[in-house]
Amino acid sequence: MIVGSGLVARAFTPLFADDARTVIFASGVSNSSETDPAAFARERVMLEQYLAGDIDRLVYFGSCNVVNPLQDSPYFQHKRAMEALVAAHPAGTVLRLPQVVGHTRNPNTLTNFLRDRILAGDPLTVWTRACRNLIDIDDVVRIAAQLLSGTGPVPKVASIASPWSLPMTEIVGLFESVLGRRAQIIAVDRGEEMRIDTALAERTARDIGLDFGPDYPLRVIHKYYGQPHES
C-alpha cells in the first residue's frame, strides 16, 4: 500500500502498491521550511491511523539531518517526533534519506532549484561550509527493497545515502559542468558538515551491484539534468 503521490511514492509503487500488509508512508510534510502546526498535526494523525491498522510493516521516510543538533527548526522537531513514533511501533521501520534526486516538477527540491537558478542566470547564494548528500531515487528503491526483503532482521532506523556528502560549492560545480553554464554565486561563510552513517547502505549497495564510486554524484546529476529540461 502506498500513501502519497510524490517522487518517493511513485518510485515505490511498482513494488508495494498491491501489498496490503506493507504501508509505504510517503506522504505528509516535505518542505523543510514549513512552520504551520496544522500541517504537522495532519501528518501525525494520518500516520497514527495507519500504525493502528492490521499491518506487517510501515515504512516511514525520515531525514538524515535529524542527527544534526543544529537542525532545530519546527520541521526537524516534527521529523524527530514522527521517527520516534514509528520506531517505537512493532511494525515500524524508519528509512532516513538525504537529498533524493529524480524526475519531478517540484521547484523546491535542491537540485531543481540549483538547475533553475543556474539556467536563468540568477544570483545563487551558496553556504560555503554546508554539505549535502545526493542519491538517485532509483537507488533508494533498490537498497530499500533489498533491506525489506532480506532474510535478516530489518533495522528499526536506517540511513539510505551515498558515501559522498559534498560541500555545496562542489555540487554547484558539478551542475555547472553538466549544464555548461556558470553559476552567479554569492558565497556566504555559513553551514556545517553532513555526517551520515552510510555503512549499511554501502554494504547493501555492494550486495546488489550498485556502484557508489567517487563519480556517483556527477552520474546522478548527469542522469537527470544532462538532457534539455524546462527552466
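Residues numbered from 1 in each chain as written. Predicted model: local features only at pLDDT ≥ 70, side-chain atom pairs only at ≥ 80, totals over all residues. Heavy atoms only, no water.

Locating C64 in the fold gives a position in the loop between β3 (57-63) and α3 (74-87). The class of C64 is buried, set by a relative accessible area of 3%. Between the alpha carbons of C64 and M194 there is a distance of 8.5 Å; along the sequence they are 130 residues apart. (Helix = DSSP H or I, 4+ residues; strand = E, 2+ residues; numbered from the N terminus. Buried < 20%, exposed > 50% of the residue type's maximum accessible area, 1.4 Å probe, protein only.)

The strand order across the open sheet formed by three strands is β5-β7-β9, and the pairing between neighbours is mixed. Since the sheet does not close on itself, it has two edges, and those belong to β5 (99-101) and β9 (165-167), each with one partner. Strand-to-strand, the axes of this sheet are offset by a mean angle of 40°, without reference to chain direction. Judged from the three bridges that link them, β5 and strand β7 (residues 131-136) form a sheet pairing that is parallel. Residue V100 lies in a different strand from β7, and its bridge partner there is I135. Sheet strands touched by helix α8 (residues 216-225): β5, β7 and β9. Its angle to β7, the strand with the most contacts, is close to 60°. (Pairing = 2+ DSSP bridges. Axes fitted to C-alpha atoms, helices over the stretch in contact; angles between N-to-C directions. Contact = heavy atoms within 4.5 Å.)

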